[in-house]
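# Remarks on the overall topology
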Amino acid sequence: MKKIILIGGGGHCISAIDVIEQEGKFKIAGIIDKPNLLGSKILGYSVIGCDDDLKTLSKKYPHALVTVGQIKSSTLRKKLFDLANNAKFILPRVISPSAYVSKYSSVGRGSIVMHNSIINANSSIGDNCIINTSALIEHDCKISQHCHISTKATINGGVNIESGCFIGSNATIKQNLNIKKNSFIKACSLIK
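Computed from a predicted structure; not experimentally measured.

## A short note on the environment of Gly-158
As for its position among the elements, Gly-158 is in the loop between β16 (154–155) and β17 (160–161). Gly-158 sits 21 residues away from Ile-137 along the chain, and the two C-alpha atoms are 9.6 Å apart. Contact partners of Gly-158, with chain neighbours within four places excluded, come to His-139, Asp-140, Cys-141, Asn-176 and Leu-177.

## Focus on the environment of Ser-102
Within the secondary structure, Ser-102 is located in the loop between β7 (100–101) and β8 (106–107). C-alpha separation for the pair Ser-102 and His-139, spaced 37 residues apart in sequence, amounts to 9.4 Å. Contacts of Ser-102, omitting those with residues within four sequence positions, involve Ile-119, Asn-120 and Ala-121. Polar side-chain contacts of Ser-102 include one of 3.0 Å to the backbone nitrogen of Tyr-104.

## Notes on helix α3 (residues 75–86)
Here α3 spans 16 Å end to end across 12 residues, near enough to the 16 Å set by a 1.5 Å rise per residue. Among all positions of α3, only Arg-77, Leu-80, Phe-81 and Ala-84 are buried. Buried residues of α3 fall within an arc of 105 degrees about the axis and therefore sit on the same side. Every exposed residue of α3 that faces more than 90 degrees away from the buried side is listed here: Thr-75 and Asn-86. In the core, the buried residues of α3 are packed alongside β1 (2–7), α1 (11–23), β5 (63–66) and β12 (130–131). Lys-88 sits one or two residues past α3 and shows a positive phi near 75 degrees.

## Description of the nonpolar core
Grouped together as the largest cluster of nonpolar side chains are 25 residues, with contacts concentrated most on Ile-137, Ile-143, Ile-149, Ile-155, Ile-161 and Ile-167. Cys-13, Leu-65, Ile-112 and Met-114 belong to the second-largest nonpolar core, a separate cluster that totals 18 residues.

## Focus on the sheet that holds strand β9 (residues 112–113)
Strand order in the open sheet formed by six strands is β6-β9-β12-β15-β18-β21, and the pairing between neighbours is parallel. The sheet is open, and its two edges are formed by β6 (94–95) and β21 (184–185), each paired on a single side. Summarising the sheet, β9 and β12 pair through two bridges and their orientation is parallel. Paired with Ile-112 across the bridge in β12 is Ile-130.

## Some remarks on the sheet that holds strand β4 (residues 45–49)
The mixed open sheet is built from five strands, whose spatial order is β3-β4-β2-β1-β5. The two strands at the open ends of the sheet, each matched to only one other strand, are β3 (41–42) and β5. Docked against the sheet, α1 engages β1, β2 (26–32), β3, β4 and β5, running at close to 165 degrees with respect to β2.

## A look at the pairing of β2
β2 sits mainly inside the fold: five of its seven residues count as buried. With six bridges joining them, β1 and β2 adopt parallel strand pairing. Looking at the pairing, Ile-5 lines up with Gly-30 of β2. With α1 bridging β1 and the parallel β2, this β-α-β connection has right-handed handedness. One ladder, built from two bridges, connects β2 with β4; its direction is parallel. Considered in β4, the bridge of Ile-31 is made with Val-47.

## A look at the packing of aromatic side chains
For the structure shown, the criterion picks out one aromatic pair. Their ring planes at 15 degrees and their centres at 5.1 Å tell us that Phe-166 and Phe-184 sit as a pair that is stacked. In this pair, Phe-166 is assigned in strand β18 (residues 166–167) and Phe-184 in strand β21, connecting sequence segments 18 residues apart. With relative accessibility at 8%, the residue Phe-166 sits in the buried group.

Cut-offs applied
Residues numbered from 1 in each chain as written. Predicted model: local features only at pLDDT ≥ 70, side-chain atom pairs only at ≥ 80, totals over all residues. Heavy atoms only, no water. Helix = DSSP H or I, 4+ residues; strand = E, 2+ residues; numbered from the N terminus. Contact = heavy atoms within 4.5 Å. Polar contact = N/O pair within 3.5 Å; in protein donor to acceptor, adjacent residues only side chain to side chain. Expected span 1.5 Å × (residues − 1). Buried < 20%, exposed > 50% of the residue type's maximum accessible area, 1.4 Å probe, protein only. Arc of directions from axis to C-beta. Core = buried A, V, L, I, M, F, W, Y, C linked by side-chain atoms within 4.5 Å. Pairing = 2+ DSSP bridges. Axes fitted to C-alpha atoms, helices over the stretch in contact; angles between N-to-C directions. Right-handed = clockwise from strand over helix to strand, strands pointing away. Phe/Tyr/Trp six-rings, centres within 6.5 Å; stacked < 30°, edge-to-face > 60°.

This is the structure in structure tokens:
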């Protein structure tokens, strides 16, 4: 089984660990976090380094996933994705076995599709995205890079979401809309 390191050890990391274990394609080699957390454990996995160690670690562990969450801004996730890219990590997509991803859709590098999410036909998910638990991405949608579609959000057909957006839990976006770059859509919003 291929080894992977996780970059970021907070709450999203905990959820990502569960998805990675369920998917069964990677063995988690360790977690990257703040220097003062070295040696601590998250769900039994050790913090083995910090951001400064990425280039060295990429020689031993070729795969990595950014596991820092995203709420107000995509800045940190984007920065860590770029650091991992520059360190020459392979950034795979991770998809829960309980998610449905149409064979006519695509999921970008370093993106994670969490439990019970649905990505319907002719939709695309960019690099470094979070499609969180039970999110629904309908047909013909385009989700650009560095976006977080939160739990139970509904993105109706033909929606285009530009890079860096956050779509809150239970938000609904009406069909054929364009959501501008770096938008923040609050939980339970109806965008029409």
